[in-house]
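Letter by letter, the chains look like this.
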Amino acid sequence: MSTLTFYGAAQRVTGSCYLIHRGAQRILLECGMLQGENNHKPKGKRDRTNGHDSAEARFPFEVGEIDAVILSHAHLDHSGMLPLLVKQGYRGPIYMTQQTEALLPTMHKDAAFLQLKDTEWENKRRARAGKRAITPLYDVEDVEQELGQCQGLAYGAVSEILPGVKLSFREAGHILGSAIVELWLEDKGETRKLVFSGDLGNSKAPLMRDPAIITEADLLLMESTYGDRNHQPLDRTLEEFRAALDAAAQSGGNVLIPSFAVGRTQDLIYYLGQLYQSGQLKQNNIFIDSPMATSISEIYEQNTRLFNKDDPEFREIMTHDWEQWLPILRFTRSVEESMALNKITGGAIIIAGSGMCHGGRIRHHLKYNLWRKNTHLVIVGFQARGTLGRLLVDGVKKVKILGSEIAVKAHIHTLGGFSAHAGQSQLLEWAGHMRKVMPRLYLVHGESEAMLALQKCFVEEYNWDASIPTLGEVIQF
């Protein structure tokens, strides 16, 4: 008999983490960071592993007992605590797809850099208040150690990672390298199969392939980020996107697009390229102001064989580089180049991280542009509770950014159809391929409203009971 403990993403979107006990074996599935949701909790109630002080950060399990780690994809809410796990002594293998292994160096070194900068900023504030200094959760040396433990596997390959435990990754269609996890565990001559959906992709996304179909499982952990709604049709979203760009061009203002460096930015380059190629784009300057997004885009260029595009012209262009697809595109790398963008008062499209506005260079551009009435802020992704992006979507009139109070005068456009996550009907359709022999189903990675809505749909459409686990809950299978 094996057990699974829900240590993260239980009735919340981020912080993915599950621990599997199989006899003496311990397998950690995901090691993600909380993003946004933790910020609105009262003092003293925040999750210790997401605090700033590495001296106080503790996992709710014994790190030294872990035998193997499995990672579905590179996004920080699934992978961002791996360097801390290694810092606290984990020295075993970390399994992922080959493409995820290629993405992690850029993403985790960037995360370590931001940890350092955020800690320096916080310590200045603490010094003025007479409080003790804190240390980052991890640094680049911890990341380097972690990267040395990563083992990239090909999609579809079945590998025995521990005696009696086999693992395979299938395409999830969310971002480059994202995977559905298939895990087989032997127990007294019988085999039990656990399937973790990871983040399932939106079948309307322009670059990634559709999620692989899985027909059998004994236990299914399934994401439910958009369990309460479907995305609007892509054609309508693209029309709204073009209209927002046109309105900004007419008013003479800048367009700010907070975007995830992995996946969303590359999708946006594709869509903007379509508008440019067809003569519908009125702006003359597009900036990707994110060193990480720049590096990630280069990795995407190296993996066009995994793209879901049949357009031979696009494939031919992408064999070379993004800037042939979109000639007015510029990648800014240095701090000086980024700061120079703040002097542009109109006519530019600036795409910068982070996707939920809780960090990165987008905060500087918001500080210099949100108060302008001719600025257009285009939100193209999910905004978790507690993030600056969510506050802006919810209509807040003033925000505090980098120590300054900023009036929100900009036009806010929320475009749900660009999501890299499957919508409600897509989630149901994907899981429905297993309904001949329905596995035990647990909904994870969702806010409570989304989970409850999806749970109701499973009962109404399939007569399938879906459980909603609580943080720390232990189940047997």
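This text goes with the structure placed above it.
Residues numbered from 1 in each chain as written. Predicted model: local features only at pLDDT ≥ 70, side-chain atom pairs only at ≥ 80, totals over all residues. Heavy atoms only, no water.

With that settled, consider helix H14 (residues 448-462). Its 15 residues give H14 an end-to-end C-alpha distance of 21 Å, which sits within 8% of 21 Å, the value for a rise of 1.5 Å per residue. Taken residue by residue, H14 has Ala 450, Met 451, Leu 454, Cys 457, Phe 458 and Tyr 462 as its buried positions. One side of H14 carries all its buried residues, which in axial view fall inside an arc of 125°. Seen from the buried face of H14, the exposed residues on the opposite side, beyond 90 degrees, are Lys 456 and Glu 460. Among the residues trailing H14, Asn 463 stands out with phi positive, at a value near 55°. (Helix = DSSP H or I, 4+ residues; strand = E, 2+ residues; numbered from the N terminus. Expected span 1.5 Å × (residues − 1). Buried < 20%, exposed > 50% of the residue type's maximum accessible area, 1.4 Å probe, protein only. Arc of directions from axis to C-beta.)

What follows concerns the packing of aromatic side chains. Overall, the coordinates contain 13 aromatic pairs when judged by the stated rule. What links up through ring pairs into an aromatic cluster is the set Phe 241, Tyr 270, Tyr 271, Trp 325 and Phe 418. (Phe/Tyr/Trp six-rings, centres within 6.5 Å; stacked < 30°, edge-to-face > 60°.)

The next thing to look at is the sheet that holds strand S3 (residues 25-29). Whether parallel or antiparallel, the strands of a sheet pair through hydrogen bonds between backbone atoms. One open sheet accounts for seven strands, arranged S6-S5-S4-S3-S2-S1-S22; its pairing is mixed. Here the strands that pair on one side only, and so sit at the sheet edges, are strand S6 (150-153) and strand S22 (474-476). Neighbouring strand axes in the sheet, compared pairwise and without regard to direction, differ in orientation by 25° on average. Here S3 runs beside strand S4 (residues 68-70); their pairing, made up of three bridges, is parallel. The partner of Leu 28 across the bridge, within S4, is Val 69. Helix H3 (residues 98-129) rests against strand S5 (94-97) and S6 of the sheet, and its axis sits at about 110° to S5. (Pairing = 2+ DSSP bridges. Axes fitted to C-alpha atoms, helices over the stretch in contact; angles between N-to-C directions. Contact = heavy atoms within 4.5 Å.)

Looking at the secondary structure, you find His 433 in the loop between helix H13 (424-432) and strand S20 (440-444). According to the relative accessible area criterion, His 433 is partly exposed, its value standing at 37%. With 422 residues separating them in the primary sequence, His 433 and Gln 11 have C-alpha atoms 25 Å apart. Ignoring any residue separated from it by four or fewer positions in sequence, one finds His 433 in contact with Ile 213, Ile 214 and Thr 215.

Before going further, it helps to spend a moment on the environment of Lys 343. The residue Lys 343 is located in the loop between helix H10 (335-341) and strand S15 (348-352) in this model. Spatially, the C-alpha atom of Lys 343 lies 27 Å from that of Val 262, the residues being 81 residues apart in sequence.

Grouped together as the largest cluster of nonpolar side chains are 73 residues, with contacts concentrated most on Leu 85 and Phe 241. Ranked by residue count, the leading element in this core is helix H6 (residues 264-277), at six residues. Ignoring sequence-local partners within four residues, the contact set of Leu 85 consists of Leu 28, Cys 31, Phe 59, Phe 61, Val 63, Val 69 and Tyr 90. By size, the runner-up hydrophobic cluster in this structure holds 29 residues, among which are Ala 9, Ile 27, Ile 161 and Phe 477. (Core = buried A, V, L, I, M, F, W, Y, C linked by side-chain atoms within 4.5 Å.)

Take unusual backbone geometry next. Gly 353 connects to Ser 354 through a cis peptide bond whose omega is 15°. Among the secondary structure elements, Ser 354 is positioned in the loop between S15 and helix H11 (362-369). One non-glycine residue, Lys 188, adopts positive backbone phi at about 55°. With respect to the secondary-structure elements, Lys 188 resides in the loop between strand S9 (179-187) and strand S10 (190-196). In this model, Cys 357 sits at a positive phi of 65°, which is unusual for a non-glycine residue. Note on placement: Cys 357 falls in the loop between S15 and H11.

The next thing to look at is the pattern of salt bridges. For the structure on display, the rule yields 20 salt bridges. Close ionic contact of Arg 361 with Asp 289 constitutes a salt bridge, the shortest N to O distance being 2.7 Å. Here the residue Arg 361 occupies a position in the loop between S15 and H11, and Asp 289 occupies one in strand S13 (residues 285-289), the gap between them amounting to 72 residues. Relative accessible area serves as the criterion here: at 0%, Asp 289 is assigned to the buried category. The structure contains a network of salt bridges with shared partners spanning Arg 385, Arg 390, Asp 394, Glu 447 and Glu 449. (Salt bridge = Lys/Arg side-chain N within 4 Å of Asp/Glu carboxyl O.)

Counted under the stated rule, the structure contains zero disulfides. No disulfide involves Cys 17; its sulfur sits 5.3 Å from that of Cys 31, the nearest cysteine. (Disulfide = S-S within 2.5 Å.)

When you line up the elements, Thr 237 lands in helix H5 (residues 234-251). Beyond its immediate sequence surroundings of up to four residues, Thr 237 is in contact with Gln 232, Leu 415, Gly 417 and Phe 418.

In space, the six strands of this open sheet follow the order S14-S13-S15-S12-S16-S19, with parallel pairing throughout. The open sheet has two free edges, formed respectively by strand S14 (329-332) and strand S19 (411-414), since each of these has just one partner strand. Taking each pair of neighbouring strands and ignoring which way they run, the sheet shows an average axis angle of 20°. Packed on one face of the sheet, H6 meets strand S12 (255-258), S13, S14 and S15 and runs near 155° to S15.

Direction vectors running N to C along H6 and helix H7 (residues 291-301) enclose 70°, while the axes themselves pass 9 Å from each other. As summarised for this structure, H6 and H7 are arranged roughly perpendicular, according to the angle between their axes. Contact residues: Thr 265, Gln 266 and Ile 269 in H6; Ala 293, Ile 296, Ser 297 and Tyr 300 in H7. A per-class count over the contact of H6 with H7 returns four nonpolar, three polar and no charged. (Parallel < 35°, antiparallel > 145°, perpendicular 65-115°, else oblique. Nonpolar A, V, L, I, M, F, W, Y, C, P; charged D, E, K, R; others polar.)

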